[in-house]
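Coordinate inspection notes
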Amino acid sequence: MDAVLDMDVVRDDILLSTLPNIVFDGWSLQALRDGAQMAGYDAATMHRAFPGGVPELVEHFGAWTDRRMLAELDKHPLDEMKVRDKIALAVRTHFEVLEPHMEAKRRLLAYLAMPQNLGLGLSMLYRTVDAMWFAAGDTATDFNHYTKRATLAAVLSSATFYWLDDRSEGHVETWAFVDRRLHDVMNMGKAMSAMGRAGRLLSHLPSPARFARQIRQRTAGSVPVDSASTHMAENI
């Protein structure tokens, strides 16, 4: 057990040392190698920690972010809060954890937009929204389990674009955007009294193809940076 725990620490150490390199080298093997060296580990240890290479590093970044988010949420009296307030807090905490690594997150979106990485991106998104609902105390095991996560995935996906280019002090515009989207989807959820109306919900979910296309447009410079996030956020 000790060896497993030690390797978890090694993975975290390498990840944290790699994140600054991603700003320059992207999510690449070069960034990973340099990060491992900066963390004081040799190549053999790096391969033991991330035998799957960069995709495994990316997945670990998502898992690390989720762990940090849950740890921060534990500091709040969640039992005394309404469900919507819990989810809003979870989304905000998610971005606060990412704040020091905003450029790495920006590069990550471009990496996950590659066709071969779409599946990884969607699984990471699902794991994050599942963690948020778990923290909010959700115990649903029926169809609602999936609709709740699908609607929150739509909110989080659009809010991510908004947050990345939000220049407002304290990201107040992002928090207002999240509140509006949560208000919309939760009101819609209340209105859906039968599964036969699920089509309305599905029409509000992000299309993976559109998600990838918009990221490619942005990274290619076809959308002005100052308006890109707002435009994409409103249309995902």
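Structure: see above.
Remember, it's a predicted structure, so these values are computed and weren't measured experimentally.

1. Considering the environment of L98
Position of L98 among the secondary structure elements: in helix 5 (residues 83–98). On the basis of relative accessible area, L98 is assigned to the buried category, the value being 1%. Taking the C-alpha atoms as reference, L98 lies 9.3 Å from M69; in sequence the two are 29 residues apart. Other than its neighbours up to four places away in sequence, L98 contacts F61, T65, K105 and W163.

2. As for the packing of helix 7 (residues 118–135) against helix 8 (residues 143–164)
Axis separation between helix 7 and helix 8 bottoms out at 9 Å; the angle between their running directions is 110 degrees. When the interaxial angle is binned, helix 7 and helix 8 end up roughly perpendicular. By crossing handedness, the relation of helix 7 to helix 8 is classed as right-handed. Along the contact surface, helix 7 presents L125, Y126, T128, V129, D130, M132 and W133, while helix 8 presents H145, Y146, K148, R149, L152, A153, L156 and S157. Taken together, the residues that form the contact of helix 7 with helix 8 break down as nine nonpolar, three polar and three charged.

3. Focus on the packing of aromatic side chains
Taken as a whole, this structure holds five aromatic pairs when the rule is applied. Summarising the aromatic geometry, the rings of W27 and F61 are spaced 5.3 Å apart at their centres and angled 40 degrees between planes, so their arrangement reads as tilted. With a gap of 34 residues between them, W27 in the loop between helix 1 (2–25) and helix 2 (29–38) and F61 in helix 4 (residues 54–73) connect regions that are remote in the sequence. Judged by its relative accessible area of 1%, F61 is buried. Measuring from ring centre to ring centre gives 6.3 Å for F61 and W64, while their planes differ by 15 degrees; the resulting arrangement is stacked. One end of the pair, F61, and the other, W64, are both in helix 4, three residues apart, so they sit about a helical turn from each other. For the residue pair F61 and W64, the accessibility class agrees, reading buried in each case. An aromatic cluster of three or more residues is present, and its members are W27, F61 and W64. Its guanidinium or amino end placed over the ring of W133, K148 lies 5.3 Å from that ring's centre, counting from NZ or CZ.

Here is what the cut-offs are and how they apply
- Residues numbered from 1 in each chain as written.
- Predicted model: local features only at pLDDT ≥ 70, side-chain atom pairs only at ≥ 80, totals over all residues.
- Heavy atoms only, no water.
- Helix = DSSP H or I, 4+ residues; strand = E, 2+ residues; numbered from the N terminus.
- Buried < 20%, exposed > 50% of the residue type's maximum accessible area, 1.4 Å probe, protein only.
- Contact = heavy atoms within 4.5 Å.
- Axes fitted to C-alpha atoms, helices over the stretch in contact; angles between N-to-C directions.
- Parallel < 35°, antiparallel > 145°, perpendicular 65-115°, else oblique.
- Left-handed = near helix turned anticlockwise from the far one by under 90°.
- Nonpolar A, V, L, I, M, F, W, Y, C, P; charged D, E, K, R; others polar.
- Phe/Tyr/Trp six-rings, centres within 6.5 Å; stacked < 30°, edge-to-face > 60°.
- Lys NZ or Arg CZ within 6 Å of the ring centre and 35° of its normal.

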